[in-house]
Amino acid sequence: MIIEALAILKDEYPHLKVLFLGSGPLFDAMRRFAKSKGVSTSIIFVGSTRAIGPILAGCDIGISASKTEGLPMNIAEEMYVGLPIVASDVRGHRDLIESGKTGLLFNPDSVEDFVACLRRYLDNPAFAAQMAAAARQKVRGFLLDRSLEALSGIYRRLLGK
């Protein structure tokens, strides 16, 4: 979906670049698909890396087009560093993102909906900055110290202490 969206946006936003982090069994197929869509020069296939922080610092938008998701740590990390988020409207993403308040959620079956969300940020940097600030505030509730505090309260209550 991300590659298809980039093919739609490439002429309108010629400097738009997408980074794909990680590798897996579809890595080469994705590269071939990007080439077939005419966007291979707009995508950087980073591969596996541990240098996530410096990479995220150079990004403008965090995206995820997952069809299913648990608690998406990639989105949490992107929110924490202050990126506005565009993510598919699936469980997991909805745990972190309130669409229109802390990010934008799109129909995971609609590339057009995904493109519309990206355009909202690309055409309105002030709106993107507002969403990024709200996202950063929201994700603070998921930091380790707050998570441990919440879990210890649950355990104390369950154990009757």
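Presented here is a report on the structure given in the accompanying data block.

Quick notes on the rules
Along each chain, numbering runs from 1 in the same order as the chain's sequence is written. Where totals are concerned, whole chains, interfaces and linings use all residues; where local detail is concerned, this predicted model gives features only for residues with pLDDT of at least 70, and gives and counts side-chain atom pairs only at 80 or more. Side-chain descriptors were evaluated using all non-hydrogen atoms of the structure, hydrogens and water having been removed beforehand. Note on conventions: DSSP H or I runs of at least 4 residues are helices, E runs of at least 2 residues are strands, and numbering of each starts at the N terminus. Counted as a polar contact is a pair of N or O atoms within 3.5 Å, where, for protein atoms, one must be capable of donating a hydrogen and the other of accepting one, and residues adjacent in sequence contribute only when both atoms are in side chains. Being paired, for any two strands, means DSSP has found at least two bridges between them. Every axis corresponds to a line fitted to the C-alpha atoms, with the helix fit spanning only the stretch in contact, and the corresponding angles, defined between N-to-C directions, vary from 0 to 180 degrees. Whether two residues touch is decided by their heavy atoms; if any such pair falls within 4.5 Å, the residues are in contact.

Right, let's talk about the side chain of Thr102 for a bit. Within the element layout of this structure, Thr102 appears in the loop between α5 (93–96) and β5 (104–106). Within polar-contact distance, the side chain of Thr102 engages the backbone nitrogen of Glu98 at 2.7 Å.

As a further point, take the sheet that holds strand β3 (residues 62–64). In space, the 3 strands of this open sheet follow the order β3-β4-β5, with parallel pairing throughout. Strands at the two margins of the open sheet, each flanked by one partner only, are β3 and β5. Going from strand to strand, the sheet's axes swing by 15 degrees on average, the running direction of each strand aside. Where strand β4 (residues 85–88) meets β5, 3 bridges bridge the pair, whose relative direction is parallel. Within β5, the position partnered with Val86 by the bridge is Leu104. Each of β3, β4 and β5 touches helix α6 (residues 111–123); the most contacted strand, β5, lies at about 160 degrees to it.

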